[in-house]
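The lines below spell out each chain.
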Amino acid sequence: MKAEILSLNIDELKELFPEPKYLAGQLFAFLHEGASFDDMTSLKKELREFLNEHYVSNPVKIRKKFVGKSGTIKYLFELEDGNLIEGVYMPHDYGNTLCLSTQIGCRMGCTFCASGLDGLLRNLSAGEMLGQVIAVNKDNGGSVKNRAVTNLVLMGSGEPFDNYENTLKFLTLVSAEKGINISERNISLSTSGLADKVRTFADSGHKVTLSISLHAPFDELRSTIMPVNRKYNVKEIVSAARYYFEKTGRRVIFEYTLIKGTNDSDKCAKELARLTAGFPAHVNLIRLNEVKERNHVAPTEDATKEFLKKLERLGVSATIRKSLGNDIEGACGQLRRRYLEENQTD
Ligand code: SAH
Ligand code: SF4
């Protein structure tokens, strides 16, 4: 297999291509633009041939596209080793958001999620995360100077903090001045709550919007739907979230996927309000996207609104998240599974 070049920053490119001095920066910009080596006609022919022989310009290829209502596009990507991942592009008034994956599968085993059904296949490299952004930016007419993708959410398949080093490298690459240059203010990272990593991340100097998947305010309940809670409990997670706010000044988002009869009681609302009081936190309510392999049930839209009102009465800042991807298998990991099932050859 050819080597990956997208994971490299400009200094690393300089080590490989020291002369002429401007070459590394030029190559970096070309690659982030989504150019193939053949497209880089301002480079010497021998260099283009060398690059073609040894490297792949983008390890992420668009395999299929599904266009949904309101302009949402669901992408199925193929990686160099044949593995498939998915992403969702969501155009909004304020900009266009790409939801991308950080791992193939996930080993956290949340009981409501499709991504974790088969466990973790492997981590994505920084270049494979960046490759998703580059491919979608280019597919929507964007370039390095005039980007189509303006916002990112790390909410596709995978747990970003279970792939910590690569995720941080990706954040640095995607916000680099010579590249697509998406400001960390426009990037949300969602984690199932690996509290030690949240603290390390708070100290790292990165300043993205941190979303924490809480989903239940009591340990006993949370452990039944999110096994990771046995390692990092609710108290540790909330304390790490406060630490993130203290270090970065950024408000923390708590994601709360409502599951009928599981975490939608008055008692849950009250405890959620208690946990998120006293520091700038916001609760993002998500109506469960039912996964056919699981037997959790989604509450009605009215019940979801009712839960929101309850939280508001308790003084919680909260909103219901529109899940635009729904009509095209928007939830985490569902598209890839369906595609694999339909294309199974046995
Ligand atoms: N692993 C990270 C990020 C990917 S999941 C995390 O868990 O935070 C992104 C968000 O989608 C999480 O809040 C996750 O709990 C939620 N999610 C997963 N499956 C879902 C489903 N079937 N319905 C609604 N939300 C879901
Ligand atoms: Fe993994 Fe997030 Fe899905 Fe949980 S919700 S299994 S952490 S991707």
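How each quantity is defined
Residues numbered from 1 in each chain as written. Chains lettered and ligands numbered in written order. Predicted model: local features only at pLDDT ≥ 70, side-chain atom pairs only at ≥ 80, totals over all residues. Heavy atoms only, no water. Near = heavy atom within 4 Å. Polar contact = N/O pair within 3.5 Å; in protein donor to acceptor, adjacent residues only side chain to side chain. Helix = DSSP H or I, 4+ residues; strand = E, 2+ residues; numbered from the N terminus. Axes fitted to C-alpha atoms, helices over the stretch in contact; angles between N-to-C directions. Parallel < 35°, antiparallel > 145°, perpendicular 65-115°, else oblique. Left-handed = near helix turned anticlockwise from the far one by under 90°. Contact = heavy atoms within 4.5 Å. Nonpolar A, V, L, I, M, F, W, Y, C, P; charged D, E, K, R; others polar. Core = buried A, V, L, I, M, F, W, Y, C linked by side-chain atoms within 4.5 Å. Buried < 20%, exposed > 50% of the residue type's maximum accessible area, 1.4 Å probe, protein only. Domains from an automatic or database assignment. Lys, Arg positive; Asp, Glu negative; His and termini not counted. Salt bridge = Lys/Arg side-chain N within 4 Å of Asp/Glu carboxyl O. Pairing = 2+ DSSP bridges. Buried area = accessible area lost by both parts, 1.4 Å probe.

Around ligand 1, the surrounding shell holds 19 residues, and the nearest of these are Gly158, Ser190, Ser213, His215 and Asn289. Within the side chain of Ser213, one N or O atom sits 2.6 Å away from an oxygen atom of ligand 1. Thr257 is positioned such that a nitrogen or oxygen atom in its side chain is 3.3 Å from a nitrogen atom of ligand 1. Elements with a contribution of two residues or more to the shell around ligand 1: strand E10 (187-191) and strand E12 (252-258).

Turning next to the packing of helix H5 (residues 164-174) against helix H6 (residues 195-203). Two quantities define a packed helix pair, namely the angle between the helix axes and the distance between the axes. Relative to each other, H5 and H6 sit at 30 degrees, their axes nearing to 12 Å. Judged on the interaxial angle alone, H6 and H5 are roughly parallel. In terms of crossing hand, the pair formed by H5 and H6 is right-handed. Taking contact as the criterion, the partners of Tyr164, Leu168 and Leu171 in H5 are, on H6, Lys197, Thr200 and Phe201. Across the contact of H5 with H6, the residue classes break down as 4 nonpolar, 1 polar and 1 charged.

Grouped together as the largest cluster of nonpolar side chains are 97 residues, with contacts concentrated most on Ile5, Val133, Leu152 and Phe170. Both domains that meet at this core, namely domain 1 (1-57) and domain 2 (58-343), each give it at least three residues. With near-sequence residues (within four places) excluded, Ile5 lies in contact with Leu13, Phe17, Leu27, Leu31, Phe37, Leu51, Tyr55, Val56 and Ser57.

Around ligand 2 lies a shell of 8 residues, among which Cys106, Met108, Cys110, Cys113 and Ser192 are the nearest. Residues of the shell around ligand 2, tallied by class, amount to 5 nonpolar, 3 polar and no charged.

This paragraph deals with the side chain of Arg222. In this fold, Arg222 is placed in helix H7 (residues 219-225). We note that Arg222 is buried and unpaired, the nearest opposite charge coming from Asp219 at a distance of 6.2 Å. Of the polar contacts made by the side chain of Arg222, one reaches the backbone oxygen of Ser192; its length is 3.0 Å.

Below, the discussion takes up the sheet that holds strand E5 (residues 84-92). Strand pairing in a sheet relies on backbone hydrogen bonds, with the paired strands running either antiparallel or parallel. The 10 strands lie next to each other as E3-E4-E5-E6-E9-E10-E11-E12-E13-E14, forming an open sheet whose pairing is mixed. The sheet is open, and its two edges are formed by strand E3 (60-67) and strand E14 (318-320), each paired on a single side. In this sheet, neighbouring strand axes are inclined to one another by 25 degrees on average, regardless of whether the strands run parallel or antiparallel. One ladder, built from 3 bridges, connects strand E13 (residues 281-287) with E14; its direction is parallel. Within E14, the position partnered with Asn284 by the bridge is Thr319.

So, on to the pattern of salt bridges. Taken as a whole and judged by the stated rule, the model has 16 salt bridges. A salt bridge links Asp162 to Arg107; the shortest N-O distance between them is 2.7 Å. Within this pair, whereas Asp162 is found in the loop between strand E9 (151-154) and H5, its partner Arg107 is found in the loop between strand E7 (103-105) and strand E8 (120-123), the two being separated by 55 residues in sequence. Relative accessible area serves as the criterion here: at 17%, Asp162 is assigned to the buried category. Of the charged contacts in the structure, one is a salt bridge between Glu271 and Arg274, with a shortest N-O distance of 2.9 Å. Taken together, the residues Glu271 and Arg274, both in helix H9 (residues 266-276) and 3 residues apart, mark about one turn of the helix. Given a relative accessible area of 55%, Arg274 falls into the exposed group. Salt bridges linked by common partners bring Asp81, Arg122 and Glu128 together as one network.

To continue, consider the side chain of Gln103. Tracing the sequence through the fold places Gln103 in strand E7. Judged by its relative accessible area of 0%, Gln103 is buried. Of note is the side chain of Gln103, whose polar atom sits 2.9 Å from the backbone nitrogen of Glu159. Of note is the side chain of Gln103, whose polar atom sits 3.2 Å from the side chain of Asp162. If we ignore the near neighbours within four places in the chain, the residues touching Gln103 are Ile85, Leu120, Arg122, Asn123, Leu124, Ser157, Gly158, Glu159, Asp162 and Asn163.

On to unusual backbone geometry. Between Glu19 and the following residue, Pro20, the backbone shows a cis peptide bond with an omega angle of -15 degrees. Relative to the elements of secondary structure, Pro20 occurs in the loop between helix H1 (10-16) and helix H2 (23-33). Positive phi, close to 60 degrees, is recorded for Asn181, a residue that is not glycine. You will see that His215, though not glycine, has its phi angle at about 65 degrees, which is positive. Take His215: it is sitting in the loop between strand E11 (209-213) and H7.

In this section: the domain arrangement of the protein chain. Splitting the protein chain by domain gives domain 1 (1-57) and domain 2 (58-343). With centres defined by C-alpha atoms, the gap from domain 1 to domain 2 works out at 32 Å. Contacts between domain 1 and domain 2 engage 17 residues on the former and 21 residues on the latter. Buried surface at the junction of domain 1 and domain 2, summed over both partners, amounts to about 1500 Å²; 63% is from carbon and sulfur atoms. Area buried by domain 1 at its contact with domain 2 is led by Leu6, His32 and Glu33, which between them contribute 37% of it. There are 1 salt bridge connecting domain 1 and domain 2. At the boundary of domain 1 and domain 2, one finds 6 residue pairs in polar contact (both at pLDDT 80 or more). When residues of the side of domain 1 that touches domain 2 are assigned to their parent elements, the largest contribution, 6 residues, is made by H2.

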